[in-house]
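So the chains spell out like this:
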Amino acid sequence: MPRTLYDKLWDSHVVRSYDDGSALIYVDRHLLHEVSTPQSFQALDSRGLSVHRPEANLAVADHAVPTLNRDRPIADPMAARQTALLQRNVAKHNIPYIPLDDRRQGIVHVIGPEQGFTLPGMTLACGDSHTSTHGAFGALAFGIGASECGIVMATQAVVQRRARTMCVRLSGDLPLGVTTKDLALRLIAVLGANGASGHAIEYVGAALAGLGMEQRMTLCNMAIEAGARVALVAPDQITVDWLRGRPMAPKGADFDAAVAYWQTLRSDPEARYDRVVEMDLTTLAPHVTWGTSPEDALPITGTVPDPAQDDDARRAQRRQRALDYMGLEPGQALDGLAVDVVFIGSCTNGRLADLEAAAEVLRGRRVHPGVRAIAVPGSGLVKAEAEARGLAQVFRDAGFEWRDAGCSMCVAMNGDSIEPGQRCASTSNRNFEGRQGRGGRTHLVGPAMAAAAAVTGHLTDVRKLEILT
Amino acid sequence: MSAPLIHLNSRAVHLPDTNIDTDIIFPARFLLRTDREGLGDCAFADRRFTQDGAENPEFPLNRDGWRGAQVIVGGAGFGCGSSREHAVWALVDIGIRLVIAPDFGEIFAGNAVKNGLLVLRLPPETCAGLGQQAEAGETFTLDMRAQTLHVGGRLVCGLDLAREAQEAFLNGWDELDVILNRDMDSIRDFETGHRARQPWLFAAS
Ligand code: SF4
C-alpha cells in the first residue's frame, strides 16, 4: 500500500496499538521549557522515577525570561522561581540544559533545529502547541500536555491518535515583498482556525524548492493556528545541507547513513490524502489580521469586513466581538491603521532570515516617532549572527530596541507587553484577546510588513516602500 | 496517582454557559505557579470570587448545599481554548470528578481522563434536563464498577468506558501509571529494534 510521509513516520514509531484506536508512540526527542514542566517533574518525583533517557531531552528557559538586563537576577519573583526550578529539576535528572547566560539560549523551537537536536524521521514532543515547527525537517513533531511531558520523560513514549492527512500543494514563486508568513496567514484564512483539526498537514509542490528551512519552519509553525497539531515537509537537499555540521546532528559515517534513510522519507507517488488543498503563490499579497483569531487575515489592500453582511450568524457574532475588541469599524481600510508598537520576533519569525527581511526595509530609515519598536532574536546564536552581519546595527540605527532572546511579547509572560488599547503589528502567531497584554490589539504580519509599519507608523503595504541600499 | 473513582454520591452544580473555556476555568495569570496541588484556589477564580477576593454568592459552587459538589453539568464547548492542563488539575483539586456536557474542548477532554476526571458527553436535551435536576438538588450517583449514572434514583445512562479506562479510574491510576505497569517491556523491545534501525538517534553527541 502506498503511504504518505505521515504514515511512514507514524508506522515507524508505533510501540503498540490499543483497542480504542489509539497507539503508544515512541518519542525520540523531548524539548522542555520552564512553564509546562514543573508539574511533570513533580509526577516523576512523587513516584521516585528517573528519566528513561536523559540525553533524549533538551531544556531551556524561554517563555518567562526577561529580554533585558540578563546579567541581573530575574525581577519577577514567580518567573525567577519557575526558571530556577527548571534548572534544579534538570540538574537532578541529568537532562542537558542550556543556561540563560549561554549564547545558545533561545526559544525551544528555534534552538532545537539550530543545535541539530531536531532531525528528519524522528518523533519530537514538547509541552507547547507550536512544536509543529519541527515538522519542517520531516520530523513527526507535536505539542503535548504537562502530564504527557512527565510520561515522555519516564517512558520515552506517549499515547496518540493517528491523524487524518491533508496535502497542501504549493505552486509558483512568492512575489517580491511577500513572505511565507503571508502564505501561512492566507492558508489559515482559507482553512479556518479549526479547519485542519484532526489532520496532519503535509506541504508539497514545486514551490518548496524555493523555500529555505527557516521559511519552511514559519509555515509548519503556523499550521497549529489552522488546528493541525502536525505539519510536515519531506526532507530534501536543502534540509541535509542545513543540518550538516550542526552540534548535535550525527557526524561522519553516521550522518551519511542518516541521509540515506532520510531520502526514503517522502510520500509515495500513489499515496492518498484525506484532503488536498491547492495554493498558487504567484498571486499572493502581503497579509495582515484584523480580528482576534489568526483566521481573520486579509490582504493589506483589503478592508475590515462587515459582520452584518455575514450569512453565518455565529461567525457574525464572533466577528462583531472581534471588531469591538480591536476598535475597528466595518469597511475601514487596513492600510493606514496607526500602530503604537511593533514586535519582531517569536518562534514564527525570530530567525536570521526574518531579521534579514525586516532589515532590508529598515535600512536607511527611522522608526516613526509615535511607535515603540522592539526586535527579539529567537536565540542567542541568531542574535550573535545578526550582530556579526551588521543587521543589529540596522535595527538600532532605525530606532529599534535590540533585545536578548526569548518568547517576549509573543505571550507577554516576561514583562514585555503592550498597554490596553494599544495597537501592535506583530510577527508572532496569535492575536487572541489579551495575548500581548490585557486589552492589547494585535495585528499579525510578516517581518517585512512589521518593519514597514514601524517606519510609517501605520499598517501599510510593504510593496509600496522602495528598498534603499 | 489520582484518587480512585469507584462510587460517587453528590449534588451537581449547573454551569449552562456555552464555551466555558480554560481561561475561565484557570485564568492565565496563574500559569507561573509551579505546583499541582492547591491550584483549586484558581478554579473559576474570576467567577467564584469578587475583585477583593470575597466569595461571590451568585456562583453555584458557593451556594449552601452545593459547596463541595463533585459534579458539574456544563454547557456546550466546556473546556475549549488553551491547552493548559492546569484547568483540569484545578477542577480535580476542588473535588470535581465528573463533568457532563454536550461536548468538550478536545484537549481538555484528553487531559481530563489522564487525571481521573470523568467527562461524559450527553445530548443537549439530556444535559438541560440534568441541569434542572442539579438545580433541584437531586443526587448524582456514579457507579464505576457497574458503569452507570443515576440521578434522583433513576438510571440516566451507562458510561461506555473501555475496560482499560475503567480500570484506571477504579485504581486511581493515571496514564503514567498505566504505561509503567503495562507497557515498559514493549517500549524496551521497540527501543532495541529502533536503535538498530536508526543508530544515529542514539549516538552520544
Ligand atoms: S515564541 Fe510564542 S508561540 Fe513560540 S514558543 Fe514562545 S510563546 Fe509559544
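Nothing here was measured: the structure is a model prediction, and the numbers come from that model.

### Regarding the overall build of chain B
Tallying secondary structure elements over chain B gives eight helices and eight strands in all. Principal-axis analysis of the C-alpha atoms gives chain B an extent of 65 × 45 × 25 Å. Buried positions account for 50% of the 205 residues belonging to chain B. Long-range pairs, those at least 24 residues apart, make up 63% of the contacts in chain B with a sequence separation of at least 6.

### A look at the interface of chain B and chain A
Listed per partner, the contact involves 35 residues of chain B and 47 residues of chain A. Of the roughly 3,700 Å² buried between chain B and chain A, counting both surfaces, carbon and sulfur atoms make up 59%. The three residues of chain B that bury the most area against chain A are B:Leu32, B:Thr34 and B:Trp200, which together make up 22% of that side's buried surface. Counting across the chain B and chain A interface gives four salt bridges. Between B:Asp183 and A:Arg16 there is a salt bridge, and its shortest N-O distance comes to 2.8 Å. Connecting chain B to chain A are 21 residue pairs in polar contact (both at pLDDT 80 or more). With seven residues, the single largest contributor to the side of chain B that touches chain A is helix 8 (residues 184–197) of chain B.

### Regarding the site of the ligand
Around the ligand, the neighbouring residues are A:His63, A:Ile107, A:His109, A:Asp128, A:His130, A:Ser346, A:Cys347, A:Cys407, A:Cys410, A:Val411, A:Asn429 and A:Arg435. Of the residues that make up the shell around the ligand, three or more belong to each of domain 1 (5–275) and domain 2 (289–464) of chain A.

### Concerning the packing of aromatic side chains
In total, this model carries 12 aromatic pairs over all chains according to the counting rule given. An aromatic cluster is present here, built from A:Phe395, A:Phe400 and A:Trp402 joined pairwise through their rings. Positioned over the ring face of A:Trp242 is A:Arg246, at 3.7 Å from the centre of the ring. The ring of B:Phe190 carries the charged tip of B:Arg197 above its face, separated from the ring centre by 5.7 Å.

### Topic: the environment of A:Ala405
Residues and elements named next belong to chain A. Mapped onto the fold, Ala405 is located in the loop between strand 17 (401–402) and strand 18 (423–426). Along the sequence, Ala405 and Val394 sit 11 residues apart, while their C-alpha atoms lie 18 Å from each other. Residue contacts for Ala405: discarding those within four places in its chain leaves Val65, Thr67, Arg70, Gln105, Gly106, Val376, Pro377, Gly378, Ser379 and Gly380.

Calculation rules
- Residues numbered from 1 in each chain as written.
- Chains lettered and ligands numbered in written order.
- Predicted model: local features only at pLDDT ≥ 70, side-chain atom pairs only at ≥ 80, totals over all residues.
- Heavy atoms only, no water.
- Helix = DSSP H or I, 4+ residues; strand = E, 2+ residues; numbered from the N terminus.
- Buried < 20%, exposed > 50% of the residue type's maximum accessible area, 1.4 Å probe, protein only.
- Contact = heavy atoms within 4.5 Å.
- Buried area = accessible area lost by both parts, 1.4 Å probe.
- Salt bridge = Lys/Arg side-chain N within 4 Å of Asp/Glu carboxyl O.
- Polar contact = N/O pair within 3.5 Å; in protein donor to acceptor, adjacent residues only side chain to side chain.
- Near = heavy atom within 4 Å.
- Domains from an automatic or database assignment.
- Phe/Tyr/Trp six-rings, centres within 6.5 Å; stacked < 30°, edge-to-face > 60°.
- Lys NZ or Arg CZ within 6 Å of the ring centre and 35° of its normal.

In short, geometric facts, not functional conclusions.
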